[in-house]
Amino acid sequence: MKPAPFEYLRAASVEEACALLAAHGPDAKLIAGGQSLVPMMAMRLVRPAWLIDVGDIDALAQISIEPDTVTLGACARQYVLAAHGGLGAALPIIAQALIWVGHEQTRNRGTLGGSLVHADPSAELPLVAVMLDARIGLQSRARGRRVVSAREFFTGPMSTVIEADECLVEVRLDQWSGQGLGSAFDEVAIRHGDFALASGCAQIALDPDGRVRRVALALGGVAGVPLDVSGYAASLVGQFIDDTATEAIARSVAAALDPPADLHASSEYRRALALTLCVRVLRTATARARASLTEVA
Amino acid sequence: MSDRMNEVSVERARERLHEVRLQVNGAWRSGQCAARTSLVDFLRETLRLTGTHVGCEHGICGACSVMLDGRPVRSCLMFAVQADGHSITTVEGLAAADGTMSVLQDSFCQTHGLQCGYCTPGMLIAAQALLERNRCPTEFEIRDAIGGNLCRCTGYQQIVDAIRLAAARLNAAATGAGSGVSAPAA
Amino acid sequence: MSDSSQSMGAKPFRYVGTHRRTREDPRFVTGRGRYAADVHLPGMKHVALVASPYPSARIVSIDARAALALPGVVAVVAGAELAQYTDFLYVGVDAPGVKRYPLAVDVVRYAGEWVAAVVADSRALAEDAAELVDVTYDPLPFVIDPEVAVTTEAPRVHATYPSNILYQRKFVWGAVDEAFEAAPHQLECRVRWGRSSTVPIETFAVLAQWSPGTEVLDIWASIQMPKFPDQTARALRLPGNAVRVHFDVDVGGSYGVKRGIKHTVLVGYLARKLGMPVRLIEDRLENMRGGDMQGPDRIFDVALAFDERGVVRAMRIRALDDVGAYAGRSPLQLGKPVGAICGPYRIPCVEYEPCSVMTNKTPQEAVRGFGQAPTNYAIETAMDRMARQLGIDRIEIRRRNLIGRDEFPYLIPSGTYYDSGDYEAVLDKALAHAGHEELVRRRDQARADGRLAGIGVATCLEPSGGNSSFEVLFNPKNETTTWMEASLVRVDLSGSITAVMNTSTSGQGHETLVSTVVGEVLEREPALIRVVHADSLNALPSNSPVGSRMAIMLGGAAAGAARRIRANLMAIAAHNLGCPVEELEYVGGDVRVAADGSRCLTWDQLVEIAHRKFHRMPAGLEPGLQASFVWEVPTGGGLPTADGRIQMYPCHSFETHVVYLEIDRDTGKPTIQRYVCGHDCGVMISPDIVHGMTFGGIAHGIGAALYEKFAFSEDGQLLAGTFMDYLIPSAHEVPSMSITDHCTPSPLTTFGQKGSGEAGYLGGPAAIASAINDALAPLSTSIDELPMTHEALWVRARRAPSATGHPEPR
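Note on numbering: residues in each chain are counted from 1, in written sequence order. Labels follow written order: the first chain is A, the first ligand is 1, and so on. In keeping with the model being predicted, local features are shown solely for residues with a pLDDT of at least 70 and side-chain atom pairs are shown and tallied solely at 80 or more, while totals for entire chains, interfaces and linings include all residues. Only hydrogens and water are removed before side-chain values are computed, so all heavy atoms of the structure are retained for them.

Some remarks on the domain arrangement of chain B
All names here are of chain B. Domain annotation for chain B reports domain 1 (17–93) and domain 2 (103–175). Between domain 1 and domain 2, the contact holds 17 residues from the first and 13 residues from the second. Counting the surface lost from both domain 1 and domain 2, the interface buries some 1100 Å², and carbon and sulfur atoms represent 63% of this. Accessible surface is computed with a 1.4 Å probe, and the buried area is the amount of it that two parts give up when combined, taken over both parts together. Considering only the side of domain 1, the residues that lose the most area to domain 2 are His 53, Met 67 and Val 91, jointly responsible for 40% of the buried surface there. Each salt bridge in this description consists of a side-chain nitrogen of Lys or Arg and a carboxyl oxygen of Asp or Glu lying within 4 Å of one another. Seen at the junction of domain 1 and domain 2, the total is 0 salt bridges. We define a polar contact as two N or O atoms separated by no more than 3.5 Å, with the added condition that, inside protein, one atom must be a possible hydrogen donor and the other a possible acceptor, whereas residues neighbouring each other in sequence contribute only through side-chain atom pairs. Summed over the shared surface of domain 1 and domain 2, the number is 6 residue pairs in polar contact (both at pLDDT 80 or more). Bear in mind that the domain bounds are from an automatic or database domain assignment. Should any heavy atoms of two residues lie within 4.5 Å, those residues are considered in contact.

Quick look at the environment of Glu 365 of chain C
Residues and elements named next belong to chain C. The helix and strand labels rest on DSSP assignments: H or I over at least four residues marks a helix, E over at least two residues marks a strand, and numbering proceeds from the N terminus. Within the secondary structure, Glu 365 sits in the loop between strand 17 (350–358) and helix 10 (372–390). Measuring from C-alpha to C-alpha, the distance between Glu 365 and Gly 291 comes to 9.5 Å, with 74 residues separating the pair along the chain. Among all residues touching Glu 365, those that are not within four sequence positions of it are Val 257, Arg 259, Asp 292, Met 293, Gln 294, Gly 295, Pro 296 and Gln 333.

A word on the pattern of salt bridges
For the coordinates displayed, the defined rule picks out 91 salt bridges over all chains. Linking Glu 139 of chain B and Arg 143 of chain B is a salt bridge whose minimum nitrogen-to-oxygen distance equals 2.7 Å. You can see Glu 139 of chain B and its partner Arg 143 of chain B sitting in helix 5 (residues 139–145), 4 residues apart, about one turn around the helix. Only protein chains enter the accessibility calculation, which uses a 1.4 Å probe; a residue is then buried when its area is under 20% of its type maximum, exposed when over 50%, and partly exposed in between. In this structure Arg 143 of chain B comes out as buried when scored by relative accessible area, which is 7%. Here Arg 34 of chain C ties to Asp 248 of chain C by a salt bridge, and the two come within 3.9 Å at their closest N and O atoms. Placement of Arg 34 of chain C in the loop between helix 1 (25–29) and strand 2 (45–51) and of Asp 248 of chain C in the loop between strand 13 (243–245) and helix 8 (261–274) is noted, with a sequence separation of 214 residues between them. Its relative accessible area of 37% is what places Asp 248 of chain C among the partly exposed residues. Connected through salt bridges with shared partners, the residues Arg 44 and Arg 47 of chain A, Glu 15 and Arg 36 of chain B together with Arg 123, Glu 127, Asp 128, Glu 131, Asp 283 and Glu 286 of chain C form a single ionic network.

Describing helix 8 of chain C
All names here are of chain C. In this scheme, a helix's expected span is set at 1.5 Å multiplied by one less than its residue total. Between its first and last C-alpha, helix 8 extends 20 Å over 14 residues, near the 20 Å set by a 1.5 Å rise per residue. Burial runs high along helix 8: 12 of the 14 residues are buried. For helix 8, every residue scored as buried is listed here: Ile 261, Lys 262, His 263, Thr 264, Val 265, Leu 266, Val 267, Gly 268, Tyr 269, Leu 270, Ala 271 and Leu 274.

Thoughts on the side chain of Arg 271 of chain A
Its place among the elements puts Arg 271 of chain A in helix 12 (residues 267–296). The convention is simple: Lys and Arg are positive, Asp and Glu are negative, and His and the chain ends are not counted. One buried charged residue, Arg 271 of chain A, forms no salt bridge at all, with the nearest opposite charge on Asp 258 of chain A at 4.9 Å.

Details of the interface of chain C and chain B
The partner chain B presents 54 residues to the 64 residues of chain C that form the contact. Of the roughly 5000 Å² buried at the junction of chain C and chain B (both faces included), carbon and sulfur atoms supply 58%. Its largest share of buried area at the contact with chain B, chain C owes to Arg 21, Val 29 and Ile 201 of chain C, together 16% of the area lost on that side. In this structure, the connection of chain C to chain B is made through 5 salt bridges. Residue Arg 279 of chain C is joined to Glu 45 of chain B by a salt bridge in which the shortest nitrogen-to-oxygen separation is 3.1 Å. Summed over the shared surface of chain C and chain B, the result is 27 residue pairs in polar contact (both at pLDDT 80 or more).

What to know about the sheet that holds strand 26 (residues 596–601) of chain C
Residue and element names in this part refer to chain C. Any two strands with at least two DSSP-identified bridges between them are counted as paired. Here 3 strands make up an open sheet; going across it, the order is 24-25-26 and the pairing antiparallel. Each edge of the sheet is formed by a strand with only one pairing partner; in this case those strands are strand 24 (584–587) and strand 26. Between one strand axis and the next, the sheet turns by 35 degrees as a mean value, whatever way the strands run. In the sheet, strand 25 (residues 590–593) pairs with strand 26 via 3 bridges, with the strands oriented antiparallel. Every axis in this analysis is a line fitted to C-alpha atoms, fitted for helices over the stretch in contact. Angles between the N-to-C directions lie between 0 and 180 degrees.

Points about the nonpolar core
Think of a nonpolar core as a cluster: buried Ala, Val, Leu, Ile, Met, Phe, Trp, Tyr and Cys residues, connected wherever their side-chain atoms sit within 4.5 Å. Phe 108 and Ile 163 of chain B together with Tyr 418 and Ile 772 of chain C are the most contacted members of the largest nonpolar core, which has 217 residues in total. Per-element accounting of this core gives the leading share, 13 residues, to helix 12 of chain A. Discounting chain neighbours no more than four positions away, the residues touching Phe 108 of chain B are Gly 113, Leu 114, Thr 120, Met 123, Leu 124, Ile 159, Ala 162 and Ile 163 of chain B together with Asp 25 and Val 29 of chain C. Ranked by size, the runner-up nonpolar core spans 56 residues in total, among them Val 16, Leu 513, Val 514 and Met 570 of chain C.

Here's the deal with the packing of helix 4 (residues 120–133) of chain B against helix 6 (residues 157–175) of chain B
Residues and elements named next belong to chain B. With their axes 11 Å apart at the nearest point, helix 4 and helix 6 run at an angle of 35 degrees to one another. Note on packing geometry: the crossing formed by helix 4 with helix 6 is right-handed. Taken together, the residues of helix 6 that come into contact with helix 4 (itself represented by Met 123, Ala 127, Leu 130 and Leu 131) are Ile 159, Ile 163, Ala 166, Ala 167 and Leu 170. By convention the crossing between two helices is left-handed if the near helix lies anticlockwise of the far one by an angle smaller than a right angle, and right-handed if it lies clockwise.

Here's the deal with the environment of Ile 204 of chain A
Here Ile 204 of chain A is to be found in strand 12 (residues 198–206). If sequence neighbours within four positions are ignored, Ile 204 of chain A has contacts with Trp 176, Gly 180, Leu 181, Gly 182, Arg 214, Val 215, Ile 241, Leu 282, Ala 285, Thr 286 and Ala 289 of chain A.

What about the sheet that holds strand 2 of chain C?
Backbone hydrogen bonds hold the strands of a sheet together, and the pairing may be parallel or antiparallel. Residue and element names in this part refer to chain C. Judged by pairing direction, the sheet is mixed, and its 7 strands sit side by side in the order 4-6-2-14-11-12-13 without closing on themselves. Either end of the sheet is taken by a strand with one partner, and the two such strands are strand 4 (73–78) and strand 13. Pairwise comparison of adjacent strand axes, ignoring direction, gives a mean angle of 25 degrees for this sheet. Note that strand 11 (residues 205–211) and strand 14 (residues 278–281) share 4 bridges and pair antiparallel. Residue pairing in the sheet places Val 206 in a bridge with Leu 280 of strand 14. Docked against the sheet, helix 8 engages strand 2, strand 4, strand 6 (114–120), strand 11, strand 12 (216–221) and strand 14, running at close to 30 degrees with respect to strand 11.

A closer look at the interface of chain B and chain A
Across the boundary between the two partners, chain B contributes 34 residues, which contact 33 residues of chain A. Across the chain B/chain A interface, buried area totals approximately 2900 Å², and carbon plus sulfur atoms make up 51% of it. In this assembly, chain B and chain A are joined by 4 salt bridges. Between chain B and chain A we count 13 residue pairs in polar contact (both at pLDDT 80 or more) in total. Mapped onto the side of chain B that touches chain A, the elements with two or more residues apiece are strand 3 (65–68), strand 4 (71–74) and helix 4 of chain B. No other element matches the 4 residues that strand 4 of chain B contributes to the side of chain B that touches chain A. Class assignment for the residues of the side of chain B that touches chain A results in 14 nonpolar, 8 polar and 12 charged. Each residue is assigned to one of three groups, with Ala, Val, Leu, Ile, Met, Phe, Trp, Tyr, Cys and Pro labelled nonpolar, Asp, Glu, Lys and Arg labelled charged, and all others, Gly among them, labelled polar.

See the structure below:
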């Protein structure tokens, strides 16, 4: 299980990485943490002729927390994201999701950008990106910088809009304003650390009186891409949230799904998991939002 | 066929060797390898440090765990060229310079936290990383720390016992108290 | 943690049964193990395999020109060449026409079967070249479903063999039909044991080097296999004394499967042909698909006849085992259970119909328990069914059938005597240790709260002392009636003791075992006794660590050799002290006159006499101090009766498992919350090792019960060929476990020990299945197929209203 031969190049900057991609064309591939890419190379399912390492580019590892926006470098390692105090305060959903990502050894190498470009439909970080409609910054030598919404970034299993000459450089996420915020991530995997059979995440903002101000909800593993299903929860806005409402939303979401089947889960089972996870993440996020209101009070 | 052959021959012809220099267990070591050589193959085949084991080569079993700059990683999921200039700790580097086993290694012997020994180097690396950041781990934290390391012999029970014992002994040593903690047998 | 309460019988042991550090552990925790992959020879070449993409196909042509043109490629070899220069591999039953070579010859019979071997300067280059080997196939019909494979219309896996059935026989021991007719109650059930295996973390590795000067083929391999040197030599058409297997390599786990005979014959052939050392380390993909190490895959039909009290009067078991595309020893895995076919129960008559069938799947290999764990699962499921049918508690119904402590030796209908046991005492201990009454309250409260909770109980046997009686039972042409084991013990001039064992070790701690028993007999500190693994040219006879036999057989052999040393020391002392042996006492290696302790010869003095002072040696005693001991399996040596009764294994360990688990109604996810194993393997020589293997066996059982399966698609492709799809439980899935020991010494063994290498696995799957079905019982549903996947549990759990109140998604 040795990869096909390739040549290795280490890029010192984003510009150099883009230049190398431009120079070597579609046979070149970027590597950062390599936790998804290397197994595929070992099985010779992916066989780049040129491997361009962007993992040591400091500019890609930056984490910037501003009042409304969080900007995460593509090569921020997962363990750094999980333990970052400012990020934990601004967007706790990231750390909540990372608990489910692989194992300590893979989180020590794995990066945010690597997870996004790998685009496994059941992966955790792409799901969070979709739920929060992250803006994904892509850079190429030919066309400079462009920004793609996470909801448009993923096009199918293991596939994205990223062009062969592009480097994912950063991910911008909005912080929701106001108090009363709560989020939750949950998934069902057969073993802890495996890719999820299905996953769900939610973020809820409550007004001081407990009515829903804003809600986001997304599901992983139930389609070719992570699904934003916030629209199904939009009816909650302005309402008090309770189990009946939560379950109604979950049912309507589940009914609309046509999940894929594989060795470990049928389509029907995945749909049922999606329903359960919708209920669970909405409940937990609501409970956290309420707790946060209580803290404020 | 001949096209494909030519293509691969070209690939082969251009597979140049890279000089890789690592600080392994405190000492700088270097060797040459192809870009596609994994870190674990480099450690084992080039540097002949065979303590680190190959289990699955696709990042699941954890047998190849080593420390990279003080953090546990899977050495089958890294190319040696990526580790150039970095610091690596393998199982061979866990004992003191004079060969005295670390408290953790000794605790594995005390509870018989291994059988065939094949996953053991990876387990030790994972456990070492845990104890370096958490001297009072709960059972869940211990299991989570080794959750990415598969063992087929032990059912993990005596490994968990070993890590718990090591934590207790390290704490006892740190506080100067010795009671209540099994000493290593002669 | 375990609660050790081993009662030792009359005489307390010095070392046996005490907590002592394991001899092997320090080298492993410091990274100084030496596994087959760690052996490095100059000029060594590397093998990669070309595998068949088809489950069945004729090989039309193999074009290796492109591969050979690649720089660094040494050779490409295919099956036709092996068929010409080697002999086919051993077949465990009388099935002429079912021939296997290391590489497919003319026809491939499963997807993943090795078709060609590429030898190159590095493994990576060999893989590059393997991609270039151009094989043209002509696909043939194939069969994947074993129930189809047994039919006459099914495509035949081997055209040279009249059917796909390798072995089938109906054994009837006792008046089974009459008992069924007379019994007031009956039940029938079908259970299925999924295709899983032990899947060690180390794949199979072998390195071979042919030395033309000495004409010896040296082999370093990660093996656990009886008759391995002999079979290798025979297939390579070499005299047995031209193959030297180095048993001193550490083996990274086996639990049965590390047989690797095809790998070794291939690499041995290549090393000899090429005149250079050749190494094959299976990668995980080769290992899972083509390593021929998948385990039993069985459908059981069980019928019980019983009375209103739940006392079993007769049992019928039909077992259909899908062994995959070739035979090897796998059909014999239906044979060993003959020796414990009624479990720990007093079942007076039994009908057993094993059927071994071939399909176009990866072949089966020996797995921990050699077929007993699936059989135990089938028997235990039937016992639970009977309890449910009669409305009698599952534990009570076991009590009514367990063989009583005063009934040993107990002759079961199939001809085996169980040596000893106190099954009910172990059951009671396990229930007490688990807090069974509290578990019942907890389960009932969980149910009242709307959760699915269940308690599982299994009472199972572990036949031990590995014998080969199933060989002659299943193949009358194979009159193997001995399965001996041996040891050599030597005391050198310095007084140091060295013991020699004659096989390799894959984690069982044999060095600790041997040093402990030799230390016990000679009353010398075991930590100072060296244990070495002879190579096969130096070795005494051995049948390797299979069938939970080494504590009994190697322990017994080492003790026997040590006793001869001790007798020699006594004879030397008697001669020099001028005193009959009967008046001497042996104390810690010194020998003194019992009545006058001042008249004494020390260990060092006695050793010096033996090594230097022939003039002080008694007549007839050889100089030097060494002794060997070879012994046959206790109770072994017999042939089967015409109706197939035979003493299978000598000793019978017993285990009771008590499990509490809950199933998440909404996801089907099971969570084991309490796991207790009550275990009686007689006198434990090294309790820490016994406990460790038992915990490991339970974890393996959890995998077989809930997670692991070599699933195949309908078109014959392995779907679980990586660790991403073949799900080995991690420390998250395996719970904290607890063992409570009991000791019923075996009357047949040196210290009263029984075997324990397969412990935990023999009853674990049955107990988990029992707990799962208890949890599902309020829903009036059950599951009778392993592994019990999350989805399968969810399918059954959703029959009831969910805890969260929402109905079916539709």
